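Listed here are the chains, written in short residue letters.
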Amino acid sequence: MATVTFDSATRMYPKADRPAVDNLDLEIGDGEFLVLVGPSGCGKSTSLRMLAGLEEIDAGSIRIGDRDVSDAPPKDRDIAMVFQNYALYPHMTVEQNMGFALKIAGVAKDEIGRRVAEAAKILDLEDYLLRRPKALSGGQRQRVAMGRAIVRNPQVFLMDEPLSNLDAKLRVQTRTQIAALQRRLAVTTVYVTHDQVEAMTMGDRVAVLRDGVLQQCDTPGALYERPANTFVAGFIGSPAMNVVTGPAVDGGVRLAGAVLPVPREKLARAAAGTGRVTVGFRPESLETAPPGEGVPVVVNVVEQLGSDAFLYATLGADDDGDVLHTADVVVRTEPRTAAAVGETVHLRVREDCLHVFDPVTQLRVD
Amino acid sequence: MTTLASAPQETVSVAGPVATPRRRRGRRAGKVTAAGPLTYVLLGLTALVSVFPLYWTAVAASKTNAELAGTPPPFLPDADLFTNIGRAMEEAPIGLAIVNSVVVSSCITVGTVLCSTLAGFAFAKLRFRGNGALLALVVGTMMVPTQLAIIPLFILIAELQWVDHLQAVVLPTLVSAFGVFFMRQFLSQALPDELLEAARVDGASTLRTFWSVVVPVARPAMAVLAMLTFLTAWNDFFWPIIALTTDNPTVQVALAGLGGGYVPDTAVIMAGTLIGTLPVLVVFVVLGKQIVGGIMQGAVKG
Ligand SMILES: Nc1ncnc2c1ncn2[C@@H]1O[C@H](COP(=O)(O)OP(=O)(O)OP(=O)(O)O)[C@@H](O)[C@H]1O
Ligand SMILES: [Mg+2]
């Protein structure tokens, strides 16, 4: 087991005009479960493949433990990888698939058999050891891919969207199984996903990437509570945080003619350059206020989920000259008292639940 | 991988437009549509047309020249077959020729399939400088007619004192541009990159990956290439008759020396041809199964 360190690691694909992974700095602790998350094309897979040794590192370095592995081939890095489409060898049985790496490493036959049997037991694959991959269901294939990684007992597990080919229910089930398994084996794990729910539920820490640049790396709770910029704010949480910009006035930000209170110090710093301020508030931190107080929004759609209701509403344009864009706002409310479509609701943000960002740099203001 | 295949399934398209209600019922039931009567008739006809020349070779091989010249020509085989075969074997060293041809064709086949798969894999999946240019060069050689190279080749072989030795026939054809191109096309499409990456992460060297991962995936294409190569090598006449003599011939060279004389002895030629064809049939039966299996496997995965 070991730590993993990305030290300004950069990958520029040939003929690309900007790096797919740009100066990535990341420290992953021993036994930690780190999730890399971000929208499609942000460089998650590339980062993982750099760590695996499948992709060159154009600048910077990567260390596993104390060893600089930047130029080491995959086999010398003591890592095991689970691929998105599992990449099982089609002509080998489950048993052979899991034992292949050990066989190459020259491990004795009965030792291979023992370790494969052990992994098969953990993953509930004992009945399928003699089958070929094409005779397995998607979930079983996924477990074989996991098994292939486990038997090697590596220093680091790498997983690239291992659940994305499963149906929704199985995905939720497997998600908890993988997390539990990782905790039990206590092997350092880097896990790639584009699904922020997966990231939040599985990771000890979550690293959010955008366009090859690391935005924030923190515990799921901290990402939710204190997003470092508007991108993270919008990416983490479901439905996403509402982020709107308006002119700074005395005591707050003016939205749709009303003033949303913002703490004085933050307001001053955020509005310093432009006189405007960007605020973010989550659907679940909004509550209705009596008319005359709070910010008015017009309800467009009401989504009843049973336990909650979500209002999809429009924040009207500002009415006195300084016209800003209208914005869509999502509000979580009690299902029984939910407003009707077309109605105007007045909203206020619960105490301490307002996030303030600089409208230019998009960075959080504390 | 070979279990799914059977002839009627492949030719369903032939009878497709005239599907009868009965066949529709079959279609609903599941995997593969059942074949209707028309399919069988067409298949039977095709088989007949294909088999007839072989049958007639057998008939002709069992007659005398005079009987063959009669009108109408004979349609049933005779007991003279073995006499004629005996005569053919006396006239030319056909036994030796068959052994030679088996050796030559097998060496060429093994060499071509192995080299083509290796090179095809490299062109399809390995990143190296000049990949594209080299492939273009290889494919380009397909456009140079063999005949152009014959004289320099013969001079070379003569200088090596290999005339009338089998290696003169084997060595120049140990790898073929077509084979390389064919395997490249197959592998670049049938072999996912992740599989190779998985093998790399598992610690396999490139050569080990080739044996353990690439070859199993390439097997159907290798069987096709093997059969094509074996047939071509077996039937090759032009270069062997230049490089070899009738003292140490391949089958085609030996056959060329049969039945010579003022009037060609058709019966003897046919008898020689017949036994010269049998080994090819054996190869076809052995490899054919693999090929059909390969086609089915590709189809299911695709
Ligand atoms: N082999 C390649 N050659 C050139 N550019 C590439 C290559 N692979 C990826 N890229 C580019 O690098 C960027 C990052 O790709 P990457 O595969 O890491 O994204 P990702 O975050 O894994 O996305 P996804 O969630 O869709 O898998 C993308 O813009 C992509 O177009
Ligand atoms: Mg990816």
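Residues numbered from 1 in each chain as written. Chains lettered and ligands numbered in written order. Predicted model: local features only at pLDDT ≥ 70, side-chain atom pairs only at ≥ 80, totals over all residues. Heavy atoms only, no water.

### Some words on helix 1 (residues 44–52) of chain A
All names here are of chain A.
(1) Moving on: Counting buried residues along helix 1, 8 of its 9 residues qualify, which places the element largely inside the surrounding structure.
(2) Moving on: All of the buried residues in helix 1 are K44, T46, S47, L48, R49, M50, L51 and A52.
(3) Moving on: One or two residues past the end of helix 1 sits G53, with phi positive at roughly 90°. (Buried < 20%, exposed > 50% of the residue type's maximum accessible area, 1.4 Å probe, protein only. Helix = DSSP H or I, 4+ residues; strand = E, 2+ residues; numbered from the N terminus.)

### Side note on the domain arrangement of chain A
Residues and elements named next belong to chain A.
(1) Moving on: Taken domain by domain, chain A comprises domain 1 (4–235) and domain 2 (242–357).
(2) Moving on: The straight-line distance from the C-alpha centre of domain 1 to that of domain 2 is 39 Å.
(3) Moving on: Taken together, the 7 residues of domain 1 in the interface contact 6 residues of domain 2.
(4) Moving on: Between domain 1 and domain 2 lies a buried interface of about 540 Å² when both sides are counted; carbon and sulfur atoms form 61% of it.
(5) Moving on: Ranking the residues of domain 1 by area buried against domain 2 places Y224, T230 and A233 at the top, with a combined share of 71%. (Domains from an automatic or database assignment. Contact = heavy atoms within 4.5 Å. Buried area = accessible area lost by both parts, 1.4 Å probe.)

### Observations concerning the interface of chain B and chain A
(1) Moving on: Every contact between the two is made by 16 residues of chain B and, on the other side, 22 residues of chain A.
(2) Moving on: Of the roughly 1,800 Å² buried at the junction of chain B and chain A (both faces included), carbon and sulfur atoms supply 60%.
(3) Moving on: Broken down residue by residue, the surface that chain B buries against chain A is led by R200(B), V201(B) and D202(B), which jointly contribute 36%.
(4) Moving on: Viewed at the interface, chain A and chain B are joined by 2 salt bridges.
(5) Moving on: A salt bridge links D202(B) to R152(A); its shortest N-O distance comes to 3.4 Å.
(6) Moving on: Our enumeration of links across chain B and chain A arrives at 8 residue pairs in polar contact (both at pLDDT 80 or more). (Salt bridge = Lys/Arg side-chain N within 4 Å of Asp/Glu carboxyl O. Polar contact = N/O pair within 3.5 Å; in protein donor to acceptor, adjacent residues only side chain to side chain.)

### Comments concerning the nonpolar core
(1) Moving on: Ranked by internal contacts, the top residues of the largest apolar core, which has 56 residues, are F6(A), L158(A), V190(A) and L191(B).
(2) Moving on: With 10 residues, helix 13 (residues 206–235) of chain B is the single largest residue contributor to this core.
(3) Moving on: Apart from residues lying up to four places away in sequence, L158(A) is in contact with L48(A), L51(A), A52(A), I79(A), A80(A), M81(A), V82(A) and V190(A). (Core = buried A, V, L, I, M, F, W, Y, C linked by side-chain atoms within 4.5 Å.)

### Considering the pairing of strand 18 (residues 327–333) of chain A
Residue and element names in this part refer to chain A.
(1) Moving on: With respect to burial, strand 18 is a largely interior element, 5 of its 7 residues being buried.
(2) Moving on: In this structure, strand 17 (residues 309–315) lies alongside strand 18, joined through 7 bridges in antiparallel fashion. Across the sheet, residue Y312 finds its bridge partner in strand 18, namely V330. (Pairing = 2+ DSSP bridges.)

### Section: the confidence of the model for chain B
Residue and element names in this part refer to chain B.
(1) Moving on: Of the residues in chain B, 84% have a pLDDT of 70 or more, and the chain-wide mean is 83.
(2) Moving on: Low pLDDT, under 50, characterises residues 298–302; the stretch is placed with 1 contact to residues that sit more than four places away or in other chains.
(3) Moving on: Scored as a whole, the predicted complex attains pTM 0.82, and scored at its interfaces, ipTM 0.85. (pLDDT = per-residue confidence, 0-100.)

### Some points on the pairing of strand 12 (residues 252–255) of chain A
All names here are of chain A.
(1) Moving on: Note: strand 11 (residues 242–249) against strand 12, 2 bridges, orientation antiparallel. Directly across from A248, in strand 12, lies its bridge partner V253.
(2) Moving on: In textbook terms, the turn of a hairpin is the stretch between consecutive antiparallel strands, and for strand 11 and strand 12 this stretch comprises 2 residues, one of which, G251, has a positive phi near 90°.
(3) Moving on: Summarising the sheet, strand 12 and strand 13 (residues 258–261) pair through 4 bridges and their orientation is antiparallel. Counterpart to L255 in the pairing with strand 13 is A258.
(4) Moving on: Connecting the antiparallel pair strand 12 and strand 13 is a turn made up of 2 residues, with A256 showing a positive phi of about 50°.

### Some words on the packing of helix 8 (residues 131–141) of chain B against helix 11 (residues 177–190) of chain B
If you want to describe how two helices pack, look at the angle between their axes and the distance between the axes.
Residue and element names in this part refer to chain B.
(1) Moving on: Relative to each other, helix 8 and helix 11 sit at 130°, their axes nearing to 8 Å. The angle between helix 8 and helix 11 falls in the class oblique. Between helix 8 and helix 11 lies a crossing of left-handed hand. Judged by residue contacts, L135, V138, V139 and T141 of helix 8 engage A177, V180, F181 and R184 from helix 11.
(2) Moving on: Of the residues in the contact of helix 8 with helix 11, the class split is 6 nonpolar, 1 polar and 1 charged. (Axes fitted to C-alpha atoms, helices over the stretch in contact; angles between N-to-C directions. Parallel < 35°, antiparallel > 145°, perpendicular 65-115°, else oblique. Left-handed = near helix turned anticlockwise from the far one by under 90°. Nonpolar A, V, L, I, M, F, W, Y, C, P; charged D, E, K, R; others polar.)

### Focus: the site of ligand 1
Residue and element names in this part refer to chain A.
(1) Moving on: In the vicinity of ligand 1, the contacting residues are Y13, A20, S40, G41, C42, G43, K44, S45, T46 and E161.
(2) Moving on: Contact between ligand 1 and C42: an oxygen atom at 3.2 Å from a main-chain N or O atom of the residue.
(3) Moving on: Interatomic distance of 2.7 Å between a side-chain N/O atom of K44 and an oxygen atom of ligand 1.
(4) Moving on: Considering ligand 1 on its own, with 630 Å² of exposed area, one finds that the protein chains cover 57% of that surface.
(5) Moving on: Among the residues making up the shell around ligand 1, the classes are represented as 3 nonpolar, 5 polar and 2 charged. (Near = heavy atom within 4 Å. Areas by Shrake-Rupley, 256 points an atom, 1.4 Å probe, with all protein chains shown as cover.)

### Quick look at the side chain of D265(B)
Residue and element names in this part refer to chain B.
(1) Moving on: Mapped onto the secondary structure, D265 falls in the loop between helix 15 (251–256) and helix 16 (266–301).
(2) Moving on: According to the relative accessible area criterion, D265 is buried, its value standing at 15%.
(3) Moving on: If near-sequence neighbours (up to four positions away) are discounted, D265 is found in contact with N65, R87 and G259.

### Description of the UniProt feature "transmembrane region" (unreviewed entry) in chain B
All names here are of chain B.
(1) Moving on: The positions that UniProt labels "transmembrane region" (unreviewed entry) are, in the present scheme, residues 32–56, 94–121, 133–157, 169–187, 208–234 and 267–287.
(2) Moving on: Secondary structure across residues 94–121 comprises 100% helix and 0% strand; the distance between its end C-alpha atoms is 39 Å.
(3) Moving on: Structurally, residues 133–157 is divided into 84% helix and 0% strand, and its ends, taken at the C-alpha atoms, are 30 Å apart. (UniProt positions renumbered as here; feature names shortened; annotations may be inferred.)

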